[in-house]
Amino acid sequence: MSKKLFILLIILMSLSLIGIISVQAYYIKNSVDNKKEQFNFNVKKALSYTTAAIENKELDKYYTMFQQLAEQKKQADTVAIKNLFIVQQNQNTNETIVYKSGIFEENHTLSSAFFDIGLDRDSINIQRILSNSETKIYSNSNGTDSDLNMNPVLSISNSGRLTEAEKINFEKAFRTFASRMPIHKRVLNKEINRLLKKQLNEDNINIDFQYAIYDNDLATKVHSEAFELQNASTFSVPIFENELNDNNYRLLVNFPEHNKFIWSSIISMMILSIVFTGIIILAYASALLQLFRQRKISEIKTDFINNMTHEFKTPIATINLALDAIRNPKIIDDKEKVLRYLSMIKDENKRMHAQVENVLRISKLEKNELNISKENVDLHDLIEDAITHVELIIEDKKGYLKTNLIADKTSVLANDTHFTNVIVNILDNAIKYSPEAPEIEVSTENVGENILLKIKDHGSGMSKIAQKRVFEKFYREHTGNIHNVKGHGLGLAYVKRMIDDHHGHISVESEKDKGSTFTIRLPLIS
């Protein structure tokens, strides 16, 4: 995969993830806003219902008293009569139609004491309204058109009380008059609480609320015990309005747990949304991490192949040259030179075989195909055996290897062949990464129920980053020239896998240009 395509893929995946998260966030926010709007609408509807019910109940109460007064036929203070006459000639039927409508108004002046509201010096005017309508049809064939004293052909009469008109007039007069009454005499706390609770429950709002009636931003005696004015979250509607607009009473309600109520209705949906979004984020992060790992592995494998090709070319070329030299008639009779070239061929062949073995070991370990039988062995014996494999190389490079094997208990459960290879690999690294003559120290000691094996060199050391990744397969620290130290990053990967299989632990401490110390911890057996 090209770098541009890789970056484009990451950008598209990131934009898709951001889009999904944004849509989820917008959906949740929109749901919350809709719930708030619905909650506000239902609360305002409940307030409007409550104020209308209280006002109508008060009006009905006093209007009933007025009707009882009217039924007693008490003498009116003043009387007014209004009549309307309409005369219409119908030429088609040769008839005259006479419409007559009369309004009879009885005006009564009542003291406020009648309503028991504590304003004895004031009075209120109320009306008793009666109506009478009459329709008469006269035939013009019996006399002149203007003579209406004759008997009508048809006469229709209606009369009665105009109760709706009386109520409208009463309501106008009473609202202005009642605005001077103390608010606590007009409405009771329990009535407000009952009406509000009834209407709110109908809209499934079953949370606690607090209420109060305020007059010009001042509290009145009508309020619940725990009411607190909160301008930002308090709902308000006018109550007991009148035509003069000299009444500033407002019914206020707030809900201490309204946010909890709103969120509770969508919390399950929101949790599911967050969970699924979280899963998508984890899947995306995992996929992205795998992409980076695969890209890194691809680069490392390419690097490995390049290194392997380079290292195999040299031994192959050396072997070919040695074979060509042996075939030379001048050389073939020189036994010393032939033996020298044969030794070179053998060494180069062993070198290539060792690299192939490392690759096969790692592959078998990963597939769990490597059969590792363990037995009780002496770790010191394995160390001495491993040293014999590298001591000639150390001597050839004018270096030295010191041992300090002071552990008293040395019995471990291990495979002697594989664990010897583990120690040889670490010693081989110490030799390869020593620019000058290798100086290596090998020591053991007992710590609790474990034995520690330390292999220290004074070579080139490694960086902090390399220390964290040195046991990864194919990993090699770059030093400018990728082939300055031969290898493929397989030896220490094999070491780590093998020690893990022996239930041990390996770590490294290193400092650039000052060397490295590898520490192996293995459990002892009795």
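Read on for an overview of the structure. Throughout this description, residue numbers start from 1 for each chain and increase along the sequence as written. Where local features are concerned, this predicted model is filtered to residues with pLDDT of at least 70; where side-chain atom pairs are given and counted, the filter is 80 or more; whole-chain, interface and lining totals use all residues. As a rule here, side-chain values come from all non-hydrogen atoms in the structure, and water together with hydrogens is ignored.

## Some points on the sheet that holds strand 10 (residues 400-405)
Put simply, the rule is: Two strands make a pair as long as DSSP finds a minimum of two bridges between them. Starting at the N terminus, helices and strands are each numbered in turn, a helix being any DSSP run of H or I of at least four residues and a strand any DSSP run of E of at least two. Note on method: axes are straight lines fitted to C-alpha atoms, helices fitted across the in-contact stretch only, with angles between N-to-C directions ranging 0 to 180 degrees. For this analysis, residues touch if any pair of their heavy atoms sits within 4.5 Å.
The sheet built from five strands is open, its strands ordered 10-12-13-15-14 with mixed pairing. Of all the strands in the sheet, just strand 10 and strand 14 (505-511) have a single pairing partner and so form its edges. Here the strands of the sheet are splayed against their neighbours by 15 degrees on average, with no regard to which way each runs. Here strand 14 runs beside strand 15 (residues 515-523); their pairing, made up of seven bridges, is antiparallel. Bridge pairing in strand 15 links Glu-511 to Gly-515. Lying on the sheet, helix 8 (residues 379-396) is in contact with strand 10, strand 12 (439-447), strand 13 (450-457) and strand 15; it crosses strand 10 at an angle near 170 degrees.

## Considering the layout of surface pockets
Condition: Of the two site types, the cavity is a set of points on a 1 Å grid over the protein atoms alone where a 1.4 Å probe fits but cannot get out, and the pocket is an open set with protein on both sides within 12 Å along at least five of seven lines, each lined by residues with an atom within 4 Å of a point. Grid points are joined across faces, edges and corners, and a volume is the space filled by probe spheres set on the points. Only Asp, Glu, Lys and Arg are considered charged, only Ala, Val, Leu, Ile, Met, Phe, Trp, Tyr, Cys and Pro nonpolar, and every remaining residue, Gly among them, polar.
By volume, the second largest pocket amounts to about 300 Å³. Elements with a minimum of two residues in the lining of the second largest pocket: helix 1 (3-71) and helix 3 (189-202). With five residues, the single largest contributor to the lining of the second largest pocket is helix 1. For the lining of the second largest pocket, the class distribution of residues is five nonpolar, one polar and seven charged.

## Remarks on helix 8
What counts here: How far a helix is expected to stretch is found by multiplying one less than its residue total by 1.5 Å. By definition, a residue's bend is the angle between the axes fitted to the seven residues ending there and the seven starting there. Type-normalised accessible area, obtained with a 1.4 Å probe on protein chains alone, sets the label of each residue: buried when under 20%, exposed when over 50%, and partly exposed for intermediate values. Each polar contact in these results corresponds to two N or O atoms within 3.5 Å; when the atoms are within protein, one needs to be able to donate a hydrogen and the other to accept it, and residues that are neighboring in sequence are counted only if both atoms are side-chain atoms.
With 18 residues, helix 8 extends 27 Å between its outermost C-alpha atoms, agreeing within 8% with the 26 Å of an ideal straight helix rising 1.5 Å per residue. Most pronounced at Val-390, the bend in helix 8 amounts to some 45 degrees. Among the residues making up helix 8, those that are buried are Leu-379, His-380, Leu-382, Ile-383, Ala-386, Ile-387, Val-390 and Ile-394. The backbone nitrogen of His-380 lies 2.8 Å from a side-chain oxygen of the residue at the head of helix 8, namely Asp-378. Note on helix 8: the residue one or two positions beyond its end, Lys-398, has a positive phi of about 65 degrees.

## A closer look at the side chain of Glu-58
For Glu-58, the position within the fold is in helix 1. For Glu-58, a relative accessible area of 9% puts it in the buried group.

## Observations regarding the packing of aromatic side chains
As a reminder, the rule being used: Each Phe, Tyr or Trp ring, with Trp reduced to its six-membered ring, pairs with another whose centre is within 6.5 Å; inter-plane angles below 30 degrees give stacked pairs, above 60 give edge-to-face pairs, and intermediate values give tilted ones.
A complete count under the given rule lists seven aromatic pairs for this structure. Ring centres of Phe-39 and Phe-235 lie 6.1 Å apart, and the angle between their planes is 65 degrees; on these two criteria the pair is classed as edge-to-face. Within this pair, whereas Phe-39 is found in helix 1, its partner Phe-235 is found in strand 7 (residues 235-238), the two being separated by 196 residues in sequence. The burial state of Phe-39 is the same as that of Phe-235; both residues are buried. Here Phe-235 and Phe-255 contribute two aromatic rings whose centre-to-centre distance is 6.1 Å and whose plane-to-plane angle is 75 degrees, an arrangement assigned as edge-to-face.

## Concerning unusual backbone geometry
Excluding glycine, a negative phi dihedral is what most residues carry, and trans is how most peptide bonds are arranged. At Asn-204, a position not held by glycine, the phi torsion is positive, near 60 degrees. Following the sequence through the fold, Asn-204 ends up in the loop between helix 3 and strand 5 (210-215). On the basis of relative accessible area, Asn-204 is assigned to the exposed category, the value being 60%. The backbone of Lys-398 shows a phi angle near 65 degrees, a positive value even though the residue is not glycine. Tracing the backbone through its elements, the reader meets Lys-398 in the loop between helix 8 and strand 10.

## Quick notes on the sheet that holds strand 7
Pairing within the open sheet is antiparallel, and its four strands lie in the order 6-5-8-7. Looking at which strands have only one partner, the edges of the open sheet turn out to be strand 6 (218-223) and strand 7. Between one strand axis and the next, the sheet turns through 30 degrees on average, direction left out of account. Direction of pairing for strand 7 relative to strand 8 (residues 249-254): antiparallel, over a ladder of four bridges. Looking across to strand 8, one finds that Pro-238 is bridged to Arg-250. Running over the sheet, helix 3 touches strand 5, strand 6 and strand 8 and is turned about 125 degrees from strand 5.

## Structural notes on the pairing of strand 6
Relative to strand 6, strand 5 runs antiparallel, the two sharing three bridges. Its bridge partner lying in strand 6, Asp-215 is registered against Leu-218. In this antiparallel pair of consecutive strands, strand 5 and strand 6, the connection spans two residues, and Asn-216 shows a positive phi of 55 degrees.

## Focus: the pairing of strand 15
When a strand is regular, its side chains alternate between the sheet's two faces. Taking burial as the measure, the nine residues of strand 15 include seven buried ones, the bulk of the element. Judged from the seven bridges that link them, strand 13 and strand 15 form a sheet pairing that is antiparallel. Counterpart to Ile-455 in the pairing with strand 15 is Phe-518. As consecutive antiparallel partners, strand 14 and strand 15 are separated by three residues, and within that stretch Asp-513 has a phi angle of approximately 65 degrees, a positive value.

## Section: the pattern of salt bridges
To be explicit about the condition: A side-chain nitrogen of Lys or Arg and a carboxyl oxygen of Asp or Glu constitute a salt bridge if their distance falls within 4 Å.
Under the definition given, this model contains eleven salt bridges. Between Glu-191 and Arg-194 there is a salt bridge; the shortest N-O distance is 2.7 Å. Taken together, the residues Glu-191 and Arg-194, both in helix 3 and three residues apart, mark about one turn of the helix. For Arg-194, a relative accessible area of 43% translates into the label partly exposed.

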